[in-house]
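Coordinates in review
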Amino acid sequence: MIEGVKILKRSVFKDSRGELKHIMKSSDDNFDMFGEVYCSSINPGIIKGWNLHKKTTINYTVVRGSIKFILFDIRKNSPTINKKQEIILNNSNYVSVSVPPLIWNAFQCLGSKKAYVINFTDYSHSESEVIKMDPYEKDIINYNW
């Protein structure tokens, strides 16, 4: 595991009417402060990323579908510098993944259906705060999708 990344099991409550899936509570270990929350979708086989946040902590939870979430640590003083971490997020592994700043991240939709990803952040989105890179870049990360 990459230093500082937190994987928190989330609760699902089901009954005859449907289900309730927890995303974030202020008492959670990965809650610091509220910036914004949004839901994005990703089509089968598509890759989103690489993204690197300079100050924002992201908290991803997949509420429908399945993604492969890849992290790459570039923090100079980190004990896990240059390490990769791969996490599958779906109904079978209903968790929230909290990623601190300065860790490259990208994800790919798995399976034949669109996936829906909730991101709960501690800062509102700012284009100047995010660095983006092509998902097939090989010089820095060298990940084979």
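Preceding this paragraph is the structure being described.
Given the structure is predicted, the values throughout are model-derived calculations rather than measurements. (Residues numbered from 1 in each chain as written. Predicted model: local features only at pLDDT ≥ 70, side-chain atom pairs only at ≥ 80, totals over all residues. Heavy atoms only, no water.)

**With respect to the environment of Tyr-123**
Relative to the helices and strands, Tyr-123 is located in the loop between β11 (115-121) and β12 (130-132). Separated by 66 residues in the primary sequence, Tyr-123 and Thr-57 place their C-alpha atoms 7.7 Å from one another. Ignoring any residue separated from it by four or fewer positions in sequence, one finds Tyr-123 in contact with Met-33, Gly-35, Glu-36, Lys-55 and Thr-56. (Helix = DSSP H or I, 4+ residues; strand = E, 2+ residues; numbered from the N terminus. Contact = heavy atoms within 4.5 Å.)

**What about the pattern of salt bridges?**
On inspection of all chains with the given rule, the structure shows five salt bridges. With its nearest N and O atoms 4.0 Å apart, the salt bridge here joins Lys-14 to Glu-19. For Asp-73, the salt bridge identified is with Arg-75, shortest N-O distance 2.8 Å. For Asp-73, a relative accessible area of 0% puts it in the buried group. What you see here is one network of salt bridges that share partners, running through Lys-14, Glu-19 and Lys-21. (Salt bridge = Lys/Arg side-chain N within 4 Å of Asp/Glu carboxyl O. Buried < 20%, exposed > 50% of the residue type's maximum accessible area, 1.4 Å probe, protein only.)

**Here we look at the sheet that holds strand β10 (residues 103-110)**
Strand pairs in the sheet, formed through backbone hydrogen bonds, run parallel or antiparallel to each other. Read from one edge of the open sheet, five strands run β8-β7-β10-β5-β12, paired in antiparallel fashion. In the strand order of this sheet, the two ends are held by β8 (84-89) and β12, each with one partner. Averaged over all pairs of adjacent strands, the angle between strand axes in this sheet comes to 25°, irrespective of strand direction. Bridge count between strand β5 (residues 47-53) and β10: four bridges; the pairing is antiparallel. Across the sheet, Ile-47 pairs through a bridge with Gln-108, a residue of β10. (Pairing = 2+ DSSP bridges. Axes fitted to C-alpha atoms, helices over the stretch in contact; angles between N-to-C directions.)

As far as function goes, none of this settles anything; it's purely spatial.
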